[in-house]
Protein chains: 2
Amino acid sequence: MSEEPKVRNISDLARIAGVSAGTVSRALADSGLVNEKTRAMIKALAREHDFRPNIMARNLRIQKTGAIGVVIPLGHDTGQHISDPFFITMLGLLADALTERGYDLMLSRVIPTDEDWLDRFTDSGRVDGIIVIGQSDQAAALDKVAMRYRPLVVWGGHQKGQVHCSVGSDNVAGGDLATTHLIERGCRRIAFFGDPTARELKQRLAGCRAALSRAGLGDDPRVCPVHLAAGIDDASISQFLADEQQRPDGIVAASDVIAMTTLRALSEMGIAVPADIKVIGYDNLPIAEHTVPRLSTVKQDLTTGANNLVELLMRRIAGEDTGSVVMPPELVVRTST
Amino acid sequence: MSEEPKVRNISDLARIAGVSAGTVSRALADSGLVNEKTRAMIKALAREHDFRPNIMARNLRIQKTGAIGVVIPLGHDTGQHISDPFFITMLGLLADALTERGYDLMLSRVIPTDEDWLDRFTDSGRVDGIIVIGQSDQAAALDKVAMRYRPLVVWGGHQKGQVHCSVGSDNVAGGDLATTHLIERGCRRIAFFGDPTARELKQRLAGCRAALSRAGLGDDPRVCPVHLAAGIDDASISQFLADEQQRPDGIVAASDVIAMTTLRALSEMGIAVPADIKVIGYDNLPIAEHTVPRLSTVKQDLTTGANNLVELLMRRIAGEDTGSVVMPPELVVRTST
DNA sequence: GGCAAAATTACAATCGATTGCAATTTTGCC
DNA sequence: GGCAAAATTGCAATCGATTGTAATTTTGCC
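Residues numbered from 1 in each chain as written. Chains lettered and ligands numbered in written order. Predicted model: local features only at pLDDT ≥ 70, side-chain atom pairs only at ≥ 80, totals over all residues. Heavy atoms only, no water.

1. Observations regarding the nonpolar core
Across soluble globular proteins, nonpolar side chains have a tendency to be buried as a group. Among the nonpolar cores identified, the biggest contains 64 residues, and Leu94(A), Leu94(B) and Ile133(B) are the most heavily contacted of them. Among all residues touching Ile133(B), those that are not within four sequence positions of it are Val70(B), Val71(B), Ile72(B), Pro73(B), Phe86(B), Phe87(B), Met90(B), Leu94(B) and Trp155(B). With 36 residues, the next largest nonpolar core counts Ile183(A), Ala191(A), Leu266(A) and Tyr282(A) among its residues. (Core = buried A, V, L, I, M, F, W, Y, C linked by side-chain atoms within 4.5 Å. Buried < 20%, exposed > 50% of the residue type's maximum accessible area, 1.4 Å probe, protein only. Contact = heavy atoms within 4.5 Å.)

Right under this line is the structure:
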C-alpha cells in the first residue's frame, strides 16, 4: 500500500515541513522565535500526522523529569496492599494537586526491607522530587536520605531534631483533643486502639496520656495494638473487650479505619455505642461518615495537607530549605460519642 | 573545601575508574563482556560515590519507558476526587502487580472534556502502555484510541462489537444474580440504585430487569440514579423512600459505596435492614464488610481483575491482539439480605 | 619467541528533543 | 539600489546511557 510512513520524531516532521528540526521544536513549543505562518503550518502538519514530541527526550535535554514520585512504605507486612482509605484519599488529593502544577505522579509502594529502600527513587533521575506518605517506623531512614536529598517531603508526625521535612497534624494535640472530649462526655476508663510503633500513633497516644493525667485519671491507658488495615484485628478487639470488669467506657481509635473496625466489633458483641462505650476516631475520612452511628473524630484536613505537601516540595525542588508544617487538629462531634 | 565533585554521570565515574563510559555501563549492567575484576572495581566505586545510572537516558536509548500509565477518567464532575474506594482498591492492586513485573505506575486522573483526552498519554512517549480504570461514558472514545494504539486495556464492561480490550465482571449476570437473590428472599418490589449512564451500571440494570421479568414481576424497576461518590445523594435517597406506598422491599445498589450510602440513609429514617428493606451491593470491597448490618454483595474479584489487566497489557505491549476478559460474578450473602 | 584465538576494552553512533550561536533572509530607511 | 537592523531559520552540541564494531591486550600452543 502507498500509505506514507508514520511520523516518528521531529526530524521526520521537519522533512515533511521543509524546515529544520530546531524550527519544528520551537514551533511546537510556541517559541516567539518562529514566524507565525511557519508555526501554524508546522502545527497543522503535527495534528494531521498525530505527532507529539517525545517527553522523555525533552526531559533528558532540559534535565527535568516532569514527574513526582509518591512512595508509600507499607511496613514489613509483604501481603499488605494499599487498601487503607487514608492512603487512598491522600493519593487522590495529591494526584489533583500535582496535575494542577503540570506534574505526573509516579506511584510506588515499597516494603522497607533494607536501609536504602528510598535510594532507588532519589538517585534514579526518574523523578524531580519525592513525597512519602507515612513514616511507618522509618523516621531514621528518612532523616538519612533528607541529609543528602533536598526535594523530599513526608506526610507524618513532626518531632524535634528531625531532619526530613514533614507535613501532618499535631498528633499529640489531636490525641489530647480526642481524649478530653471523651472525658467531657463522662468517660473514666479510656482505652487506646492502635499500634504505637508508628510515630504518628505514638504521638497520639502521648496526647491521650497527657489528657488523662491532667484529669487525674492516671497516665497509662490500656492499649490494644489494632492493625491499621481494615478487617484484620476483629478477634483481638473482641478479646480485649470480653472482660466486662476491665471494659473501657471510652475508646480513642488512632484512625478512622480502626474506629470502623471497632464499631463493627462492638455491634456484633451487642454493645451499644455511645450508650455503653463511646468511640472516637482520627482523620475524618469521607468513608467514616458512613458508620452507624456516625463517627466522632479528630479531623486532619487532608486537602490542606496535600496542598502543603506539594507546595513545600515545589519550593524544595527550587532549592529552598523549608521547615515542616504542623497543622492543628479539629474535633468533629457526631453521634458515636 | 577540598570535597571531590559529585559523580553526576557515567562519564564522571569512567574517569575515576580509568576506563571508558561503555565499560562502566556494561559493568553496572552486569554484562558478560566485562572482566570480573574490572566489574567489581567499578561497582565498588559506584557504591562509594552513591552513583546510579540515569533511567531516563537509558530508556531513551533502549526505546522503552519502564512505566505504565494508569488513567482514571472521572466523568464530567471537575470537583470530584479519587475517593471511590473501588478505584483505590484497584489502584493498590495494580501498583503491586506492576511492581512485580518491574514497571513503574504513572497515575493520572483526567476529566474527559474533549474527544482526545487520552491522546496526551498514548502519544507522549512517556509510558509503554495504558490501563484505564472505568469507562465512565467514554466507551466510544476508548474504541477510537484502541483502533490505533494497541497497548491499552480498560477496566469495565464488555459489549459486543467494542474495539478496546477490557477486563471486568459480567455485569448483566451480576445484576441478575443480585436481583434473583432478593426475589428468593421474598422481595416483590425491587428498586435499582445507581446512574445507568455508565456502561457497567447500565449492564447491571439490564441484568436486574431480566431477573424481574423471569420472575413475572415486570421489567421496569424504579431507578434512583444515586451518584457513585460517597455521601452525595443522601437527600435524594430519603426523598425516594419517603412515600411508604411506593417504597421498595428490596434494593439493588449498583456498587458497595452506593449500598453504604443507602444503609446509612435507611438507618437514619428508622427503616430496619433487612427486616423492612433488603439491600445488596456490588464489588465486595473490604470496606463494605464494615457496614452494619454486614452487606450482601456481588463479588467481582479485584485481585484477579488487576492481574488480568496487567497480564493482557504485557501481551499487548509485546504485540499480541488479546480479547477481553469477562469474569463471572459471585454472590456473597451476609446479613443485609 | 611467534602466532592465532579469545578476552577485554575503547570508540562513537544512537535514541529524540532543546537551544546557543551562526547564517540567511527580510524589512525599512536613506 | 544599497545598507544596517531585525527577523527568521539552520547547525550542531548537548542531555546520559547503550551497544555494534573495531582496536587492543591477554592467553595458550607450537
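2. Let's talk about the protein's contact with DNA strand D
Around DNA strand D there are 25 residues in total, and Ser20(A), Thr23(A), Thr38(A), Ile10(B) and Ser25(B) lie nearest to it. Sugar plus phosphate: this is where 68% of the atoms of DNA strand D within 4 Å of the protein reside. Thr38(A) has a polar side-chain atom sitting 2.5 Å from a phosphate oxygen of DNA strand D. At 2.8 Å, a side-chain N or O of Arg61(A) approaches a base oxygen of DNA strand D. At the level of elements, helix H2 (21-28) and helix H4 (55-62) of chain A together with helix H2 (21-28) and helix H4 (55-62) of chain B are the ones that each hand at least two residues to the surface near DNA strand D. (Near = heavy atom within 4 Å. Polar contact = N/O pair within 3.5 Å; in protein donor to acceptor, adjacent residues only side chain to side chain. Helix = DSSP H or I, 4+ residues; strand = E, 2+ residues; numbered from the N terminus.)

3. A few points about the relation of the copies chain A and chain B
Note: a rotation about an axis with an accompanying shift along it relates these two copies of the chain. For the pair chain A and chain B, the superposition axis carries a translation of 0.0 Å, the fit reaches an RMSD of 0.1 Å, and the rotation angle comes to 180 degrees. A rotation of that kind, with that shift, is consistent with a two-fold axis. Ranked by how close their C-alpha atoms come to the rotation axis, the residues of chain A are headed by Met106(A), at 2.2 Å. Comparing contact sets, 100% of the residues at the interface of chain A also lie at the interface in chain B, consistent with an isologous, same-surface contact. (Least-squares fit on C-alpha atoms with pLDDT ≥ 70 in both.)

4. Some remarks on the packing of aromatic side chains
A full pass over the atoms with the stated rule returns two aromatic pairs over all chains. Each ring, one from Phe193(B) and one from Phe240(B), has its centre 5.3 Å from the other, and the planes form 85 degrees; the classification is edge-to-face. With Phe193(B) in strand E6 (residues 190-193) and Phe240(B) in helix H10 (residues 234-242), the pair connects residues that are 47 residues apart, well separated along the chain. On the basis of relative accessibility, which here comes to 0%, the residue Phe193(B) falls in the buried class. Assessed through its relative accessible area of 11%, Phe240(B) is described here as buried. Lying across the ring of Tyr282(A), Arg204(A) places its NZ or CZ 3.6 Å from the centre. Taking NZ or CZ as reference, Arg222(A) lies 4.1 Å from the ring centre of Phe240(A), over its face. (Phe/Tyr/Trp six-rings, centres within 6.5 Å; stacked < 30°, edge-to-face > 60°. Lys NZ or Arg CZ within 6 Å of the ring centre and 35° of its normal.)

That is the geometry; function is a separate question.
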